[in-house]
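Examination of the molecular architecture
Listed below, chain by chain, are the residues.
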Amino acid sequence: MSENTEKKDKDIKIVELCRVPREDEALAIESLLASYNIKCILQSDITRSIYPFTIDGLAEVSILVSDRDLEKSKEIINQNI
């Protein structure tokens, strides 16, 4: 990997695109974004396999993307969901 590419990778900031109440919704959004070559990270504070329900947002899944992909990701979600 070139030095220039490494510098670009270090400059990437991860931001929250949205939150969804269930993992299946998050996986659908992840798949949709992947079809546009946008990588995302799914993050949650609780293990959903142990507690498969949401109480006051406890099991919400955050969908994180690169700040460079944020606007495009929002457009894709608004057009498809």
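First things first, this report covers the structure right here in the doc. Note that the coordinates shown come from a computational prediction; the quantities given were computed from them, not determined experimentally.

With that settled, consider the nonpolar core. In summary, soluble globular proteins display a tendency toward joint burial of nonpolar side chains. Residues Leu17, Val20, Ile29, Leu33, Ile63 and Val65 are the most contacted members of the largest nonpolar core, which totals 14 residues. Sorting the residues of this core by element identifies strand E1 (14-20), helix H2 (23-34), strand E3 (61-66) and helix H3 (70-80) as the ones contributing at least two each. If one sorts the elements of this core by residue count, H2 sits on top with 4 residues. Those residues in contact with leucine 17 that sit more than four places away from it in its chain are Leu33, Ile63, Leu64, Val65, Leu70, Ser73, Lys74 and Ile77.

It is the contact of H2 with H3, at a shortest axis distance of 10 Å, that shows an interaxial angle of 115 degrees. Of the possible angle classes, the one that applies to H2 and H3 is roughly perpendicular. Crossing hand, H2 versus H3: right-handed. Of the residues in H3, those in contact with Ile29, Leu32 and Leu33 of H2 are Ser73, Ile76, Ile77 and Asn80. When the residues that make up the contact of H2 with H3 are grouped by side-chain class, the tally is 5 nonpolar, 2 polar and no charged.

Rules of the game
- Residues numbered from 1 in each chain as written.
- Predicted model: local features only at pLDDT ≥ 70, side-chain atom pairs only at ≥ 80, totals over all residues.
- Heavy atoms only, no water.
- Core = buried A, V, L, I, M, F, W, Y, C linked by side-chain atoms within 4.5 Å.
- Buried < 20%, exposed > 50% of the residue type's maximum accessible area, 1.4 Å probe, protein only.
- Helix = DSSP H or I, 4+ residues; strand = E, 2+ residues; numbered from the N terminus.
- Contact = heavy atoms within 4.5 Å.
- Axes fitted to C-alpha atoms, helices over the stretch in contact; angles between N-to-C directions.
- Parallel < 35°, antiparallel > 145°, perpendicular 65-115°, else oblique.
- Left-handed = near helix turned anticlockwise from the far one by under 90°.
- Nonpolar A, V, L, I, M, F, W, Y, C, P; charged D, E, K, R; others polar.

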